[in-house]
Amino acid sequence: MTTAAWLVLAFPLAGTVIIGLGHRAWPGRMAGWIGTLAILASFICSIVVFVNLQDRDEHHRQVTSTLFDYADTVGVDAKLTILVDPLSVLMMLVVTGVSTLIHLYSVTYMTGDRGFSRYFAYLNFFVFSMLVLVLAGNFVPLIIGWAFVGAASYLLISFWYRRRTATRAGVKAFVINVVGDIGLMFGAYFVLREFATLDFLGVFEQAPGTAVNTGNLVAGMILILVGAFAKSAQMPFHTWLADAMEGPTPVSSLIHAATMVTAGVYLIARLWPLFEVTPAAANVAAIVGAVTLFVAATIALTQTDIKRVIAYSTMSQIGYMIMGVGAGAYAAGMFHFMTHAFFKALLFMGAGSVIGAMAGIQDMDRMGGFRRAMPFTFATMLVGGLALSGVPPFSGFFSKDEILAWTAQRGGWFWILVVAGYVAAFLTAVYTFRMIFRVFGGEPVPEARELEQGHLHHAEVHVNPTDGEVEDTDVGFPGPEHFVAERAFPMKVAMGTLALLATVAGALQIPEVTHAIDSFLHPTFEGSRYYESLAPSESFTFIGMAVGAAIGLGGIFVAWQLWSRHRGVTAQLITRLKPLYALSHNKWYFDEIIDALFVRPAAWFGRFAQQTFERLVVNGAIVGGASLIVRAGSAAVRAAQSGLLRSYAALLVLGVGGVALYFLLQS
Amino acid sequence: MLRSYLPALVFLAIGGILALVFTYANTLLGPTPRKTVKATYEPYESGLPSEVKRTFRFGISFYMIAMLFLLFDVEVIFLFPVAVKLREFGTFAMYEAITFIGLLAVAFVYVWRRGALSWR
Amino acid sequence: MIAATGPHIDVEALSPLLALTGGGLVVLLVGLLRPRVVREVLVPLLALASLAAALGLAIWQWDADEEIIAGALRVDTLALAFTAFVIVAAAITVLLSWRAVAPREAAHGEYYAMLLVSAAGMSVLVQAQNLVSLFIGFELLSVPLYVLCASEMRRSSSLEAGLKYLIIGSVGSATLLYGLALIYGATGRTDFAAIADALNSVGGPVSDPLFLTGLALSVVGLAFKVSVAPFHQWTPDAYEGAPTPVTAFMATATKVAALGVIIRFFDVALINAQPDWAPALAALATITIVVGNVGAIGQTSVKRLLAWSSVAQAGYMLAGIVVGTQHGIEAVAFYLAAYLVMNMAAFAVVVARARETGLGDAIEALEGIGQSKPLLAWPMTIAMLGLAGIPGTAGFIGKFFLIDGAVDGDYAWLGIVIVVGSAVSLVYYLKVVAAMWMRPAPRSVPVLAGGAVDDPPADAPAGPRAAGGEVTLVAVGCAAGPVVFGVLPGPLFDIARDAAAAMSHLF
C-alpha cells in the first residue's frame, strides 16, 4: 500500500523529467498528454491507496513509510517519511483528481502557446511538490514540499516571462511565500525544541501531554501559521494571490484555487494536536480566517477583471476553511476544501473559456450576453456559481453551512466570526451572480455575436489584459490561438466532470443523513477535543441550513436586481457610497498600506542611505556600520599580514603572552 | 637520584678538559719563534695562503659527508643498549634491531644512489 | 629494572601506519631508479597503492578499540576515522601532483615519500595518547611539510614559504614541547589517561601555575598547526607560496590531524581542566572566525583567499571541541570530512586553471569559466557555496551541527559568532562564484587548442598547458561529495557518530 503511495509521488516526478528532458522534441500536444497521463496514473494509485486504507482496521489507518533517513542524529530526525492516513488520502484524491482534469483542460487551452512543453513540465512538477507536501510524515519533507510548491507557483505565474506584469507578480508571490517558508521553518524548529522530534506521529503522540499554551509552542505555532497564511493568501499575506492571476488560467484554476492555496488549511488540520494544546494560536487562525473571508468578499464585489473576482472569492472561501479548522471544525474545513476545489476550479475553467471567447480580454466591462453564444460554459458556470453561493442542493451549500454551524458551537466570541461568515456568504452570492449576470446576461457584445455566428473572435493585436501593452505571440507571451469549451472536447470533459462533482459532492455529508467525510476522517482526528463534541444539535443544524439557503438566494436576488433588471442602479450606488466603493475597489488599500509600511520605508531608507548618508557622511568611509568594521578589520588584518617574519614573531609573542596570562590569572 | 648522573658529569668534565688540552697544548708546548716577521706565516714562495679566512668555502660534499657520518654514527649508538641487554630482551629486541638496521640500510642505499657519497 | 620482555606489538592495529611508512620507504627507493616512466608513473602509482592499502587496513580495523605499543598509541574509531580522512586527502594530493611542477623539481621519489611520511605522522598524531608520541607525531607531520612547501625549488616564493613555515612551525613545536614538558612536570605523567587521573585527584595540579602555564603553551603550540588566530600568520604566506597540491594537503590533512589531536588531548587528558581551557579556546575560536573571515575579504589570490577561509573554518571547528561533548566531536568529524572534500575541489580547480591560463592563482584565472569550463566552474561553485554553508550542501549540515553542538554545550554565543562569520564569509565566497559566472573571460587568457600548434616545453614552470584529466576528475569527484552528503548525509553521520563514540566518557 505504501508502494502505491510512493507511486503517487513517482508518476508526476517522472512526468516532469520526461517532459522536461524532451521539451524540444515532443511533437504537437504530446507533452500535454504525457503530463495528463502521469497525473491520471497518480490518481489511480491514490484510489488504490484509498481502497487499501479502507480495508484496514479503523485504528490502523495511519501508515508511515520512510524512503531514507536524511539525518537521524543527535535529536534531529529528518527523514523522508510519508504518512498515509485518511486526511492525506483525501487531499491526495482531490489533488490528483482535480489535477488530472485541469491537465486535460490545459491540453487544449494551451495549444498554440510556444511554451507548451515547458508548461506541462512545470505543471507536473507542481503536482509532485503538492503531493510531497500532502504526504509528508515529517516536518522536513513538509518544508521541502512547501518550498517546492512555492517555486512551482512562481514559475507558473511568471510563465509568460516576457510580460513584465507577470514576472513582477511572480516575484511578489515568491517573496511573500518565502516569508511563509521561513515562518514554517522556524516554527518547525520550535516544535523540534519542544518535542525533540520532527516526525509527525511522534509529535502528535507527545502533544496531548504538554501544558496548554506554553509560550514557546504558541510562538512556534504562530510562526507555522505565518507559513499557512502566506501560502493560503490570508491577511495580511494575501496581496500576491490577485496578482497571481497573471498566470495562465488553468494554473489559476489548479494552483491558485483548488490545491496549493488550500495547503494552509491542510497544514492546520494536519497539526491539529498541536493546535489543540495551543488554543491561542488556533484562535488566531480562526480570527484571521474570518477577517479574510469578510474583507475578500467585499473586495470581490467591485473588481472588474473576471479572474480577480474569482481570485478574491478564493481568498474568501479559504478564509472559511481556515476559520473552520482554526475553530476545530476539521472535517467541515476539509469538506469545504473538497467542494471548493470542484466548484472553484470549474469557475476558473469557465472564466478561461470566456476569456478565450474574448480573445484574451479579462475585463467584465467589455463582456456581456454570452448566454446564447456559450451555452455549455454558461451552464457549468451557473452550477459553479450556485455551489459557491451556497444554494441547496449544490455542494458548497452543505460544506459552507457545516463550517458555520460547527464554529457557532464554540459559542462566545466565535459568534462574531459566524456572523461575519453569514454576511460574507450573502456578499458571495452577490458578487458571484454579479459576475454571471454581467458576463452572460444583457445584450451580446460583438465577440458574443461573432461566436453565435459560429466564428471565434481572434484579436488583431494581442494586448496584456492588465496594462494594455501590445504583445506578440512568440514564446514568453500567450499563444495566438484561443479556445472555448464549446469547441474543445477535452475542456468540455473536464468542466462537465467538475460540474457534476460540484453538484453532487454535497451528498457526501448531508446533515443528519450522511457522514461520509466525518467517518472517513475519523481515524486521523481520533482523540480530538472538538472533532465530535462540536456537532450541532438537529434543530440548530436545520435553522442554520435555512438561514444559509435564504442568504444565498437573497444574494442572488439582489444581484439580479442590480445587474440584470435595473442595470443603471449600480452607477448610482457607486456615487452614493463612494468611500465604500473606493475602499473595496482598491482592495482595502492593502497594497498601498504594505507599500507605505514596508516597501516605501525600506526604499526610502535605501535611498537615504545611498544618496544622503553615503554621500554626506563620508563618501567612501562608511557604507553601513557592519561593512565599515569588516573593511577596517580586513585592512588591519592585512596590514598585520606584512609577510615579515619579525612582525609575525612579535604577534606570536603577544599571543603566547596573552594566552598564558589568561590561564594564570583565572586560576 | 642525582648521584646516578655523576658518571655523566665526570665524563663531560673529562671531555671538556681534553678538548681544552688539545687546543692549547700546541701553543703551550710548541717552540715559540723568537722573532716573527710577516713572512714567517706565509707559505714558501708559492701555493695557497695557509690562513683560513671566514669566507673560505668548503666543497658542499664535505658538509654532506660529515653530516651523513654524524647521522649514521649517532644512530649506531642506539644499537648499544640492545647489544648489552640482548639476553634479557630476547627475540623482540633482535627483531627491533633488524628492523632498525634495515631502515639504516634503506637510508644508506638512498644516500648512495643519490650520489651524496661521491666526491664532486 | 628493565622489563624482561618488550612491549606487545599488535601488528594488525598498527597496520595502517605500517602501510604508510612502508609505502614511503618503497616509494623513496623506487624513485631512485633511472627510467623516466618509473619515476613519473610508477612512483605516484605506488604512493596511491600504499594509501589505498592503508585506507583498506584502517577500514578493516574499524571496530578496534585498543592501546598499542605499550599505551603510546590508541587505535579507536576516532583515530581510524581521522586517519582515513588524512589518507583520502593524501591520495587526492597525489592525483593533483601527478603533472605538477613540484615533484619534478624535488624528484618524484622524495616528494611522494615525504607526502606519505607526513601522512604517517598525522596518523600517529591522531592516535597519540601519550605526550611523547604526540610530539613525535607532531614533528613527523611537520618536517616533511616544511620540505614539501619548498619543493618548487626554482620559484623563490615557494622557498620563502618553506622557510617561513619552518621557522614559525619550529617556534610552534618548541612552544608545544615546552608546554608538554611543563604538564609532565606538574602531573608527573605522560600518559593521557594518567594525566586525567592526576588532574582529577583531590588537591591535584588543576590550579597549579606550572600546569596552567604548560596548558597555555600547549594550547598555543597546537593552535599553530590548526592556524588559529593569532597564531595563523604563517598560513596565508605558506599556503600561497607552497605548490598548490601541497597547499591542498596542508589545508585539509593537517587540519584533520591537528584537530584530531586537540580532541584527544583536551577531551581525554585535560577533560578535568575543561573549565580552564574551554573559555580560552572559545575566545580563540571567536578571534579566529573574525580574523579569518575579515582577512579573506579583498584577497585577489584564490589560494590566499582559501588560506584565510581555512583559518575561519578552523575557528568554526574549534567551537565543536570547546563544548567537550560527544555531540560536538561528532559535529567536528562531520564538518572535517565535508571541509576536506570542498577544499580539495576548490584547490583542484585552482591547479587546473593555473596550468591552463598561466595566470597563477589569481581570481582572474577563474573569470568566465562558467561558460567555457563548466566541469571546473561547477565544482568551484559547489565548493564555495558549501564552505559558505548554503543549504543543500554538506557544509550547511556540518555548520548546523556545529552550531547545534555549541548551543547544546551552553556556548550559544559561539553559535551566533559562527552564524555571523558565515554571513560575512558569503562576501568573498560569492565573489569567486560571481567571477566565474558573471564576468567574461579575460581576453589575454591564451586558449588551448589541444596544445597542437605551439606546445610549450614539458618542463616549463609556468605558461598554459592542459590541466590533465585527473585534476578535473578530482574537482568533479570532490564536488560531488558536498552535494551527495548534503542530500544523503547518512553514511557520513554514521562515521562521525562512530568517531565520537570513541570518546565514550563524554556526554
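Computed from a predicted model, the values in this text were never measured in an experiment.

Caption draft 1: Layout of the overall build of chain C. Of the regular secondary structure elements, chain C holds 20 helices and 2 strands. For chain C, the residues scored as buried account for 64% of the 507 residues in total. Here the contacts in chain C between residues at least 6 apart in sequence split such that 79% fall between residues at least 24 apart.

Caption draft 2: Region of interest: the interface of chain A and chain C. Of the residues lining the interface, 26 residues belong to chain A; the matching set on chain C comes to 38 residues. When residues of the side of chain A that touches chain C are traced back to their parent elements, those giving at least two are strand E1 (63–73), helix H27 (625–640) and helix H28 (645–666) of chain A. Examining the composition of the side of chain A that touches chain C, we find that 12 residues originate from one element, H28 of chain A, more than from any other. Tallied by class, the residues present in the side of chain A that touches chain C amount to 16 nonpolar, 8 polar and 2 charged.

Caption draft 3: Region of the structure containing the interface of chain B and chain C. Facing the 12 residues of chain B at the interface are 8 residues of chain C. Listing elements by their share of the side of chain B that touches chain C, those giving two or more residues are helix H4 (86–89) and helix H5 (91–113) of chain B. If you tally residues by element for the side of chain B that touches chain C, the top one is H5 of chain B, at 7 residues. Looking at the side of chain B that touches chain C residue by residue, the class counts come to 6 nonpolar, 1 polar and 5 charged.

Caption draft 4: A look at the environment of His232 of chain C. Residues and elements named next belong to chain C. For His232, the location among the structural elements is in the loop between helix H9 (209–226) and helix H10 (234–241). It is 9.8 Å that separates the C-alpha atoms of His232 and Ile168, two residues lying 64 residues apart in sequence. The contacts of His232, once residues within four sequence positions are left out, are Ser227, Thr288, Val291 and Val311.

Caption draft 5: Looking closely at the packing of helix H14 (residues 326–357) of chain C against helix H17 (residues 394–408) of chain C. All names here are of chain C. Contact geometry for H14 and H17: axes closest at 8 Å, N-to-C directions at 155°. When the axis of H14 is compared with that of H17, the two are roughly antiparallel. In this structure, H14 crosses over H17, and the sense of that crossing is left-handed. Contacts between H14 and H17 involve His327, Gly328, Glu330, Ala331, Phe334, Tyr335, Ala338 and Met342 on the former and, on the latter, Ala394, Gly395, Gly398, Phe401, Leu402, Gly405 and Asp408. Of the residues contributing to the contact of H14 with H17, the split by class is 8 nonpolar, 5 polar and 2 charged.

Scoring rules and cut-offs
- Residues numbered from 1 in each chain as written.
- Chains lettered and ligands numbered in written order.
- Predicted model: local features only at pLDDT ≥ 70, side-chain atom pairs only at ≥ 80, totals over all residues.
- Helix = DSSP H or I, 4+ residues; strand = E, 2+ residues; numbered from the N terminus.
- Buried ≥ 20, exposed ≤ 12 C-beta atoms within 10 Å, placed from the backbone.
- Contact = placed C-beta atoms within 7 Å.
- Nonpolar A, V, L, I, M, F, W, Y, C, P; charged D, E, K, R; others polar.
- Axes fitted to C-alpha atoms, helices over the stretch in contact; angles between N-to-C directions.
- Parallel < 35°, antiparallel > 145°, perpendicular 65-115°, else oblique.
- Left-handed = near helix turned anticlockwise from the far one by under 90°.

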